[in-house]
Amino acid sequence: MKRQFQARWLPTLATLLALGLLLTLGTWQTLRFQEKLADEALRDARQHLEVVEIHSTADLQPELDHRMAAVRGQLNTSTNFLIKHRIRNGKPGFWLINALTIDGTQDTLLINRGWLPYPHGRELIETLDTPTGTAEFTGLLHFPSRVIIDSTYSEQQESTLSPSRGSAPIELESYDLITIAAELGLPATTHPVVLTLGEDFSGNPYPQASLENITSIYLTSEKHLGYALTWYILAISLIAMYVAAGFGLLRSEKFR
């Protein structure tokens, strides 16, 4: 017997609402994919421009985000920051952050010197070869878009940054450059800047400097594309289920 489609108001209403939600989520992720794709293309293009020289913090303009830059100055290794939960080649570790006083100024630029392994990163700091005096550093400039910190994390930081810690490295859960700047007494800003050193500045064997510390974690367009496809596939599946239910294909034989 030929089956006829029967549209019931409750399944139809539920399907329309769910379909609207899925299509909205899919469209939103598609737009985010396009935005991220454009951002990545811009970042990639900037990385291949000529190296810009930084002589003071006044030179650090937003259009230099993801530009290769060179700066001369002296590293301050009396205060070391370790950013936890950083993976390299499948192994956990830290990023080592130090301040650099730009040559001829009192201005400070934060330097990502590279990766140290967990759990020995704390002890390894004392063994690292560190340039003495004024030296030139070349790397990738990065302007983090925002830093999100909850109240619990802020309270934990107050004890971590207490004077009683002595000269021990300061460990942070996130790449929180605002907290780092505050600890160093730098001017408050919602858009701090960091220079991530390339492989030429790797130690033997640590720290392992790499531009991928920054570039790899911001190439997220593929994730948004994956999310968009997921929502659209779910929408198609929902339509198929609705049509099948309308023709009675999803009901058990004993209820027919």
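Residues numbered from 1 in each chain as written. Predicted model: local features only at pLDDT ≥ 70, side-chain atom pairs only at ≥ 80, totals over all residues. Heavy atoms only, no water.

Regarding a nonpolar patch on the surface
For clarity, the cut-off: Each patch is built from residues that are more than 30% exposed by relative accessible area and take part in no salt bridge. Like charges join if they lie within 9 Å; nonpolar side chains (Val, Leu, Ile, Met, Phe, Trp, Tyr) join within 5 Å. Where accessible areas are quoted, they stem from the Shrake-Rupley method and a 1.4 Å probe; at the residue level, only the protein chains shown are allowed to cover. Salt bridge, as used here, is a side-chain nitrogen of Lys or Arg placed within 4 Å of a carboxyl oxygen of Asp or Glu. In this text, helices come from DSSP runs of H or I with a minimum length of four residues, and strands from runs of E with a minimum of two, each type numbered from the N-terminal end.
On the surface, Phe5, Ile239, Val243, Phe247 and Leu249 cluster together into a nonpolar patch covering about 400 Å² of accessible area. Relative to the helices and strands, Val243 is located in helix H6 (residues 221-246).

Thoughts on the packing of helix H1 (residues 9-47) against H6
The test is simple: In this analysis, axes come from line fits to C-alpha atoms, helices being fitted only over the stretch in contact, and the angle between any two N-to-C directions falls in the range 0 to 180 degrees. An angle below 35 degrees is treated as roughly parallel, one above 145 as roughly antiparallel, one from 65 to 115 as roughly perpendicular, and anything else as oblique. Each crossing gets its hand from how the near helix is turned against the far one by less than a right angle, where anticlockwise is left-handed and clockwise is right-handed. Three classes are used: nonpolar for Ala, Val, Leu, Ile, Met, Phe, Trp, Tyr, Cys and Pro, charged for Asp, Glu, Lys and Arg, and polar for all others, with Gly counted as polar.
Contact pair H1 / H6: the axes reach a minimum separation of 8 Å and the direction vectors enclose 160 degrees. Taken together, H1 and H6 sit at an angle that is classed as roughly antiparallel. Considering only the axes of H1 and H6, their crossing is left-handed. Residues of the contact of H1 with H6, tallied by class, amount to 18 nonpolar, 8 polar and 3 charged.

Topic: the nonpolar core
So the rule is basically this: Residues belong to one nonpolar core when they are buried, are Ala, Val, Leu, Ile, Met, Phe, Trp, Tyr or Cys, and are joined through side-chain atoms within 4.5 Å. Partly exposed describes any residue whose relative accessible area lies between the buried limit of under 20% and the exposed limit of over 50%, with all areas from a 1.4 Å probe on protein chains only and scaled to the type maximum. We call two residues in contact whenever any of their non-hydrogen atoms come within 4.5 Å of each other.
Ile54, Val71, Leu109, Phe137, Leu141 and Leu195 are the most contacted members of the largest nonpolar core, which totals 19 residues. Of all elements in the fold, only strand S1 (52-54), strand S2 (68-88), strand S3 (91-102), strand S4 (108-117), strand S5 (135-142) and strand S7 (194-197) reach the threshold of two or more residues within this core. Contact partners of Leu141, with chain neighbours within four places excluded, come to Ile54, Leu60, Leu64, Asp65, His66, Arg67, Ala69, Val193, Val194 and Leu195. Judged by nonpolar contacts, the second largest core, of 16 residues, contains Ile83, Tyr175, Val194 and Ile214.

As for the environment of Gly226
Mapped onto the elements of the fold, Gly226 is located in helix H6. Residue Gly226 is classed as partly exposed on the basis of its relative accessible area of 30%. For the pair Gly226 and Gln29, spaced 197 residues apart in the sequence, the C-alpha separation amounts to 8.6 Å.

Digging into unusual backbone geometry
Here the bond from Asn204 into Pro205 is cis, since omega is 5 degrees, no more than 30 degrees from zero. Within the fold, Pro205 resides in the loop between S7 and helix H5 (212-215). Residue Pro207 is reached from Tyr206 by a cis peptide bond, and omega for that bond is -5 degrees. Here Pro207 lies in the loop between S7 and H5. Positive phi outside glycine occurs at His66, with the angle close to 65 degrees. With respect to the helices, strands and loops of the structure, His66 is situated in the loop between S1 and S2. In the Ramachandran plot, Asn89 falls in the positive-phi region, its phi being about 55 degrees despite a non-glycine side chain. Mapped onto the fold, Asn89 is located in the loop between S2 and S3.

Thoughts on the pattern of salt bridges
Applying the stated rule across the entire model yields 4 salt bridges. Note that Glu35 and Arg32 form a salt bridge whose closest N and O atoms lie 2.7 Å from each other. Taken together, the positions of Glu35 and Arg32, both in helix H1 and 3 residues apart, correspond to about one turn of that helix. Residue class for Arg32 comes out partly exposed when judged on its relative accessible area of 27%. The residue Lys84 makes a salt bridge to Glu173 at a minimum N-O spacing of 2.8 Å. Taken together, the residues Lys84 in strand S2 and Glu173 in the loop between strand S6 (170-172) and helix H4 (177-183) connect sequence positions 89 residues apart. Under the relative-accessibility criterion, Glu173 is labelled partly exposed at 35%. Salt bridges here are not isolated pairs; linked through shared partners, they connect Lys84, Arg122, Glu171 and Glu173.

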